[in-house]
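# Reading the structure
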Amino acid sequence: MTRKAVSIGLPYLLGLFLCDRLSVCWYGFLGILPLLLFLGLGCRLRLKQLLLCGISFAFACCLYCGYMYRVRDALLAYGGQTVSLTGRVENVDVRDNEQASYLIRTNIGGHTTRITYYGADLICQYGDSIRMTAVLAPYEDTYLFPAVSYYQGEGSFLQVQEASDVEIIPERNWSLVGSIRAYADRICAKIRMTLPKQEAGLLCAMLLGDKSGLDSPTKTALYRLGIGHVTAVHRSCDRSIRSAFDAAV
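Residues numbered from 1 in each chain as written. Predicted model: local features only at pLDDT ≥ 70, side-chain atom pairs only at ≥ 80, totals over all residues. Heavy atoms only, no water.

### So, the environment of Gln152
The condition that has to hold: A run of H or I in DSSP counts as a helix once it spans at least four residues, and a run of E counts as a strand once it spans at least two, with each numbered from the N terminus. Note on contacts: a residue pair is in contact if any heavy atoms of the two residues lie within 4.5 Å.
On the secondary structure map, Gln152 appears in helix H4 (residues 147–152). Those residues within four positions of Gln152 in sequence are excluded, and the remaining contacts are Asp20, Tyr64, Met68 and Phe157.

Encoded structure:
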C-alpha cells in the first residue's frame, strides 16, 4: 500500500511542480516522462509501477494545464474591463493613511476566484459582503515583490484597478473563521491597552499578523532585514482554515 501511495503521490506532485515552473506545461510532460521511465528502470520497478507513475504524472500535467487554460486564461481576458461584482471579504489588511487591502472571493464569468482590492478602510470584517463596480487588471511583478506567483497561490489572478459605488453588506450569520478573527482582535486590543504603541504594534504583528499598528519605517526595516515573514502567521492560518473550509463545502 505504501509503495502504491508513493508511486502515485510523488509523480503527481512532480508534475504539478514542473508545470508551475515551465511556461508551457506540455514541455514538462514530454521532457520529464522519459526521465521518470529511466529512473524507474534503474530502480527496478515493475511494469505496473511504471505505468502507475506515468499515469499519475500525466494526470497532474493535464489537470494543471486544464485549470490554467480554462480558468486562468478566461479570467485574465477580463483585464481592462469594467464589471459589477459582489463578493465575500476573506481578509482585511489595514494599511497607513486609513487605507486597507481586501481579499475578496467572488464569481467572474462563471468562475469562482479571489481578487484583491486596495482602497479606503471600510471598517468591515471577515464574512461581510462587498459590492462594487470595478475595473479589473492582471497582477504585475515588480523588483520588490513577485505579485503574479504570490497571488496565483491564493487562487487570485486579477486585482481591482479602479472602483466605484463600493458598498459593504454586514454578515449577520455566525462563522468559525469570523469568530477566530474577532477573538484575535480582542487579544490585540488588550495588548494595545497594556504596552506602548510601538511595542504593542510589533507584538500584535508577530503573534497574530495584525500589522495595522506598525508604521511604514518599521515594516520596511523588517522586510529589508529579511524577517518580514514573522508578521505573516495570522494570514497563513487564515489561508489554511479557508482551504479546509472550501474543501468541506
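From this point on, the discussion continues.
### Here's the deal with the pairing of strand S5 (residues 156–169)
Which entries qualify depends on this criterion: What makes two strands pair is DSSP finding at least two bridges between them.
Examined bridge by bridge, strand S3 (residues 111–120) and S5 share three bridges and lie parallel to one another. Residue pairing across strands places Thr116 opposite Gln159, the latter belonging to S5. Sheet topology note: the strand S4 (residues 129–138)/S5 ladder contains nine bridges and is antiparallel. Across the sheet, Ser129 pairs through a bridge with Ile169, a residue of S5.

### Remarks on the confidence of the model for the protein chain
Using the following cut-off: As a per-residue measure, pLDDT reflects the predictor's confidence and takes values from 0 up to 100.
Of the residues in the protein chain, 76% have a pLDDT of 70 or more, and the chain-wide mean is 76. Taken element by element, the predicted model of the protein chain shows its lowest mean pLDDT in helix H8 (residues 233–248) (46) and its highest in S4 (91). Every residue in residues 234–249 scores below 50 in pLDDT, and together they form 22 contacts with partners more than four places removed in sequence or on other chains.

### Side note on the sheet that holds S4
Condition: Helix axes use the C-alpha atoms of the stretch in contact, all axes being lines fitted to C-alpha atoms, and the angles between their N-to-C directions lie in the range 0 to 180 degrees.
Pairing is mixed in the closed barrel, where five strands are placed in the order S1-S2-S3-S5-S4. The mean angle between the axes of side-by-side strands here comes to 50 degrees, regardless of whether they run parallel or antiparallel. Pairing analysis gives seven bridges linking strand S1 (residues 82–94) to S4, with the strands arranged antiparallel. Residue Ser84 lies in a different strand from S4, and its bridge partner there is Thr133.

### Concerning helix H6 (residues 197–208)
The test is simple: One fewer than the residue count of a helix, multiplied by 1.5 Å, yields its expected span. Relative accessibility decides the category of a residue: with a 1.4 Å probe and only protein chains considered, values under 20% of the type maximum give buried, values over 50% give exposed, and everything between is partly exposed. Of all possible arcs, the one meant is that of the directions from the helix axis to the C-beta atoms.
Counted at 1.5 Å a residue, the expected span for H6 with its twelve residues is 16 Å, and the 16 Å between its end C-alpha atoms agrees. When H6 is considered as a whole, its buried residues turn out to be Ala200, Gly201, Cys204, Ala205 and Leu208. For H6, the buried positions fall inside an angular range of 130 degrees around the axis, keeping them on one side. Exposed residues pointing more than 90 degrees away from the buried face of H6 are listed as Gln198 and Leu207. Looking one or two places after H6, you find Gly209, whose phi comes out positive at around 75 degrees.

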